[in-house]
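Architecture and fold: a report
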Amino acid sequence: MRFASALLLAVCVIAHGNQANGQNSKATPQAVSAAIAKCVDYLKSSQGSGAKPGAWAGHPGNGCGQTCLVTLALLSAGRDIKSPEIAKALTYIRGAKPEKTYEISLKIMVLCLAEPTKDMPQIKQLVTLLVDMQTEGGGWPYFKSSGGDADESNTQFAVLALWEASKLGVSIPEKCFQRGKEYWNDRSSGEAWGYRGSGPTGSMTCAGIASTIILQDASEGVDASIQGEQIRCCGQQANQRNSLDRPINWLARNFAVTHNPGANAYTLYYLYALERVGRLTGQRFIGEHDWYREGAEFLLSSQDIGGSFRGGGNEDVITASAMALLFLSKGKRQVVIGHLQYGEPNSNDWNMHRRSVQNLTGQIEKVWKRELAWQSVRLERANLADLLETPVLFISGSKEWRLNDAQRKLLKDYTDQGGFIFAEACNGDGCDGIAFEQSFRDEMEKIFEKPLQKLAPSHPIWSAEAKVNPAALPKDFWLYGLDSCCRTSVVLSPMSLSCRWELAKPFGLVNKRPASVEADITNAVKIGVNIAAYATGRELKDKLDAVQVIQAKPDPQSLVRGSLTVPKIMHSGGADDTPKAVANLLEVFRRESQSIVAGKTPMVSLASEDLEKYPILYIHGRNRFALTEAERQGLKKHIENGGFVVGDAICASSDFTESVKREFALALPESSWRKIEPRHPVMQRNGPVGFDLGNVGLIDPSSGADLKQSTREGPAELDSLEWNGRVVMLFSPNDLSCAMESKHSLQCRGYVRDDAFRIGINMLLYALMQ
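These lines cover the structure that appears in this document, whether it is placed above or below. Nothing here was measured: the structure is a model prediction, and the numbers come from that model.

Turning our eyes to something else, we now look at the overall build of the chain. The helix and strand inventory of the chain stands at 26 helices and 23 strands. Its C-alpha atoms give the chain a radius of gyration of 30 Å, within 12% of the compact-globule value 27 Å for 770 residues. With respect to the principal axes defined by its C-alpha atoms, the chain has extents near 95 × 60 × 45 Å. Counting over 770 residues, the chain shows a buried share of 60%. Within the chain, residue pairs in contact and separated by at least 24 positions form 76% of the contacts whose partners lie at least 6 positions apart. Entry remark: accessible area of the chain is about 30,700 Å², with carbon and sulfur atoms responsible for 50%. Counting 86 positive and 86 negative side-chain charges, the chain places the averaged centre of each group 3 Å from the other.

Here it is in structure tokens:
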């Protein structure tokens, strides 16, 4: 039979581009970016409203505080320090002589963010002044002269300022931090905070939570310590561990974004503090609430046409707009790593070193030179989309770790969708994690049907960002991994890395440590940073982007006449080494074109009579193979009947590419292979669907250790087989299948995942039109 009429329905139902993905949220990355830009424009236009050039008008008693707040917001939104409005503002701020806690604190924060090296003498002078203003009770008043009349709001800003200065290495007396912790502890009702003894409010509870975290972080070694030349791990301080559970639960019970819980004013001030709580605790959800998405939706709906925001109480428009801008800008940081929470609600085995992931994120920020976020994910409540909000899932523990069948499937689906599992046994140096290590190995073998293997010394994880010499690591230490397609998707450390991250404060002063201890900590940080780079290639999802789960759906359409089925050609060269790649391609093709496709991708022999059912065949593999004479004849008949073949070499296998070209030439002696030129129709967008393939990302592992170095952009590299005046096959000698199966890899010459799908879609569209 001929195939043209059989394809008619599949071609005719091609629609006009991708439809809505089902997300109803108006808080898209594009909408938030537009709101930020509008607010920036408003604040720029209102500069000069103050009494002096470069200043913004504000409460007359707050001196330079308003201008510092707006400048802080603009810098957080990405405005360059050389931009006219920032340059004028900094000139004014540097010359200001603040006297009150608010304005001193905000000036410190701005100078720390803008040009700290240039302004370090003034930063230190202001820090000394601020420390001197602290009361005996540990809080800060409006003025030094007001004695013990401290309040939670002034104290919050003072803590924020001292934190920013300490991250630059400015020395802060330990007594100052200790007093601060005592202040917040004394002012708590046990589950929340209010203003000066009044009833609890959202804004003050957020201030108390964030300040407590910051002040705890200022202490050396919460759960890890150095004793002589030894690192000591798993030294949990139980009295501190759950100290914030009740305030966070109060916030969850009283959660709101449209108003300040417990108060009728200061909504934007509250949102500014709420963002800090979400970021510092690593929580995407507070209770059942996605705090950033809900807050962004509220702000988008309430922004004035001119770009400003209106608050309540003493929040004038400029103050409210600056705080809204801080929420939108700081809260949308991309998530680089997630910490898996599991077990009973009161169990802390998953989090033996509480600051570890936070510190590692800070170390990654330093290397990547961008602000990032981390978050915790509760296994018992998570679905696949929840896990995919984070590209790396960190799992830590010391006790036996067991999963049920649903959880095993969830983790398998997570890695199939490109996620990366990074686990450690909290073992050694005071920890006993043997039970966790063995149970984790058992669970991974159940999920992946193969055991963890030692990573080779040449594996990119040892060098993705910084070179780690495995021989210099502690005795008997190694990393173990599991490969999926061309990519390692699970790594286990049998020694506690989180203990060392706990000691690796990314900013600020660090006490001198023995050289051997310093090397141990440095290598642990390098491993963590390298794994983040290997797993993500520095490519991170925008926080508000909807998670795209690519899975072939059950096949309710399989009996529809004219639906498109693309089987895979059977051969001995790894014909099913990426079992989900073609199914994933067809699912993306369905979304893009609205074509009717079959979810199943059966294996088919070229010698089978069933071949005549399928107009398009797919071939991929990674090893040498040879066809039988009957298979060559079946292939020839398929082509003579108008059929088409598309394919790729898994992980750019040259052996497989050579076999394909040899075997197809033997089946079709009059055929010839040609390189596809950039102007070929398959390289072009085809009406409302398809893509321009003139500039796609190709990963070449020989070019560098990280994705940025090893990725080059240019036209897709495709080959065509021509026979009797027509193209009968399109083939990519570079990998498509591994990228479509789960994710592209630094170990594999091939296209980045999005471009792999684009190339595959164009090849299918071209085949359908032949």
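Right, picking up where we left off after that structure.
Packing of helix α2 (residues 29–45) against helix α13 (residues 291–302) leaves a shortest axis separation of 11 Å and a crossing angle of 55 degrees. Taken together, the axes of α2 and α13 are oblique relative to one another. Along this stretch, α2 crosses α13, giving a crossing that reads as left-handed. Of the residues in α13, those in contact with Ala31, Val32 and Ala35 of α2 are Tyr292, Ala296 and Leu300.

With that settled, the discussion passes to the nonpolar core. Formed by 98 residues in total, the largest nonpolar core has its most connected members in Ile108, Leu251, Leu271, Leu274, Leu299 and Leu328. Other than its neighbours up to four places away in sequence, Leu328 contacts Val32, Ala35, Ile36, Tyr292, Ala296, Leu299 and Phe309. Counting 78 residues, the second-largest nonpolar core is a separate cluster that includes Leu384, Leu411, Phe440 and Ile461.

Within the structure shown, the criterion is met by 23 aromatic pairs. Taking the centre distance of 5.9 Å and the plane angle of 20 degrees together, the rings of Phe436 and Phe440 count as stacked. Placement of the pair is Phe436 and Phe440 together in helix α18 (residues 434–448), with a separation of four residues, close to one helical turn. Side by side, Phe436 and Phe440 carry an identical accessibility label, which is buried. Their ring planes at 65 degrees and their centres at 6.1 Å tell us that Phe644 and Tyr766 sit as a pair that is edge-to-face. Of this pair, Phe644 sits in strand β17 (residues 644–649) while Tyr766 sits in helix α26 (residues 753–769), and the two are 122 residues apart along the sequence. Note on accessibility: Phe644 and Tyr766 belong to one class, buried. In this structure an aromatic cluster arises from ring pairing among Tyr102, Tyr142, Phe157, Tyr266, Tyr269 and Tyr272. The ring of Tyr272 has Arg276 sitting right over it, with the charged end atom 4.5 Å from the ring centre. Over the ring of Tyr480 we find Arg441; its NZ or CZ atom is 4.4 Å from the centre of that ring.

A word on empty space enclosed by the protein. What the rule picks out here adds up to four cavities of 30 Å³ or more. Approximately 80 Å³ is the volume found for the largest cavity. Forming the walls of the largest cavity are 15 residues, and the residues nearest its centre are Arg279, Trp291, Ala373, Trp374 and Lys543. Elements with a contribution of two residues or more to the lining of the largest cavity: α12 (267–281), α14 (317–331) and β8 (372–378). Class assignment of the residues belonging to the lining of the largest cavity gives a composition of four nonpolar, five polar and six charged. Considering the residues around the second largest cavity, the lining is formed by 10 residues, among which Tyr534, Thr536, Gly537, His744 and Leu746 are closest to the centre. A total of four residues in the lining of the second largest cavity trace back to one element, the largest contributor, which is helix α20 (residues 515–536).

Glancing now at helix α6 (residues 116–133). The sharpest bend along α6 comes to roughly 40 degrees, located at Gln122. Along α6, the residues that are buried comprise Pro116, Asp119, Met120, Gln122, Ile123, Leu126, Val127, Leu130 and Met133. Buried residues along α6 sit in contact with α4 (84–95), α5 (101–113), β1 (140–141) and α7 (152–167).

Let's shift gears to the environment of Ser105. In this structure, Ser105 sits in helix α5. On the accessibility criterion, Ser105 (0% relative accessible area) is buried. Separated by 36 residues in sequence, Ser105 and Leu69 place their C-alpha atoms 9.9 Å apart. Among residues more than four places away in sequence, those in contact with Ser105 are Leu130, Phe157, Ala158 and Ala161. A polar atom in the side chain of Ser105 sits 2.7 Å from the backbone oxygen of Thr101.

Moving on, we get to the sheet that holds strand β11 (residues 453–454). Strand order in the open sheet formed by seven strands is β8-β7-β9-β10-β13-β12-β11, with mixed pairing between adjacent strands. Both edges of this open sheet fall to β8 and β11, since each of them pairs with a single strand only. The sheet contacts of helix α15 (residues 356–368) involve β7 (334–341), β8 and β9 (392–397), and relative to β8 the element is tilted by about 150 degrees. Where α18 meets the sheet, its contacts fall on β9, β10 (420–425), β12 (480–484) and β13 (487–493), and the angle it forms with β13 comes to roughly 160 degrees.

Moving on: α26. Helix length check: α26, at 17 residues, gives a terminal C-alpha distance of 25 Å against a target of 24 Å (1.5 Å per residue), a fit within 8%. α26 sits mainly inside the fold: 14 of its 17 residues count as buried.

Turning next to the sheet that holds strand β23 (residues 750–751). Read from one edge to the other, the open sheet built from three strands follows the order β20-β19-β23, with strand pairing classed as antiparallel. Strands at the two margins of the open sheet, each flanked by one partner only, are β20 (711–714) and β23. In terms of strand pairing, strand β19 (residues 696–699) meets β20 through four bridges, oriented antiparallel. Looking at the pairing, Ile699 lines up with Thr711 of β20.

Checked against the element boundaries, Ser742 lands in the loop between α25 (737–741) and β23. Here Ser742 is in contact with Thr415, Asp416, Gln417, Gly418, Arg487 and Arg753, once residues within four sequence places are set aside.

What follows concerns the pairing of β10. The buried fraction of β10 is high, at six of six residues. Burial along β10 is two-sided: Phe420, Phe422 and Glu424 facing one way and Ile421, Ala423 and Ala425 facing the other are all buried. The pairing of β9 with β10 spans six bridges and is parallel. Bridge assignment links Gly397 to a residue of β10, and that residue is Ala425. In terms of handedness, the path from β9 via helix α17 (residues 405–416) over to β10 forms a crossover that is right-handed. Sheet topology places β10 next to β13; four bridges connect them, and they run parallel.

Criteria and cut-off values
- For every chain, the first residue of the written sequence is number 1, and numbering continues from 1 along that sequence.
- Only residues with pLDDT of 70 or above have their local features reported here, since the model is predicted, and side-chain atom pairs are shown and tallied only from 80 upward, although totals for entire chains, interfaces and linings are computed over all residues.
- Hydrogens are left out, water is left out, and the side-chain values use all remaining heavy atoms of the structure.
- Note on conventions: DSSP H or I runs of at least 4 residues are helices, E runs of at least 2 residues are strands, and numbering of each starts at the N terminus.
- The size measure is the radius of gyration over C-alpha atoms, and the globule rule it meets is 2.2 Å times the number of residues to the 0.38 power.
- Each residue is assigned to one of three classes by its accessible area relative to the maximum for its type, calculated with a 1.4 Å probe on protein chains only: buried under 20%, partly exposed between the two thresholds, exposed over 50%.
- Any two residues whose heavy atoms approach within 4.5 Å at even a single point are treated as in contact.
- Using the Shrake-Rupley algorithm and a 1.4 Å probe, accessible areas are obtained, with residue cover drawn only from the displayed protein chains.
- Positive: Lys, Arg. Negative: Asp, Glu. His and the chain ends are not part of the count.
- All charge positions are set by atom: Lys at NZ, Arg at CZ, Asp at CG, Glu at CD.
- Throughout, an axis means a line fitted to C-alpha atoms (over the contacting stretch in the case of helices), and angles, computed between N-to-C directions, take values from 0 to 180 degrees.
- Here roughly perpendicular refers to angles of 65 to 115 degrees, roughly parallel to angles under 35, roughly antiparallel to angles over 145, and oblique to all remaining angles.
- Note on convention: near helix rotated counterclockwise from far helix by under a right angle means a left-handed crossing. Clockwise means right-handed.
- To define a nonpolar core, start from buried Ala, Val, Leu, Ile, Met, Phe, Trp, Tyr and Cys residues and group those joined through side-chain atoms within 4.5 Å.
- Only Phe, Tyr and Trp rings are paired, with Trp represented by its six-membered ring, and only when their centres lie within 6.5 Å; those with planes under 30 degrees apart are stacked, over 60 edge-to-face, the remainder tilted.
- The rule for a charge over a ring is simple: NZ of Lys or CZ of Arg within 6 Å of the ring centre, and within 35 degrees of the ring normal.
- Definitions used throughout: a 1 Å grid over protein atoms alone; a cavity as a set of points that fits a 1.4 Å probe which cannot get out; a pocket as an open set with protein on both sides within 12 Å along at least five of seven lines; a lining residue as one with an atom within 4 Å of a point.
- Grid points are joined across faces, edges and corners, and a volume is the space filled by probe spheres set on the points.
- Residue classes follow a fixed rule: Ala, Val, Leu, Ile, Met, Phe, Trp, Tyr, Cys and Pro count as nonpolar, while Asp, Glu, Lys and Arg count as charged, and any other residue, Gly among them, counts as polar.
- Two axes enter the bend calculation: one fitted to the seven residues ending at the residue in question, the other to the seven starting there, and the bend is the angle between them.
- In protein, a polar contact means a hydrogen-donor-capable atom and an acceptor-capable atom, both N or O and within 3.5 Å, with residues adjacent in sequence counting only if both atoms are side-chain atoms; elsewhere, any N or O pair within 3.5 Å suffices.
- We call two strands paired when DSSP finds no fewer than two bridges between them.
- Helix span, as expected, comes to 1.5 Å for every residue beyond the first.
- By convention a crossover is right-handed if, when the strands point away from the viewer, the path from the first strand over the helix to the second runs clockwise.

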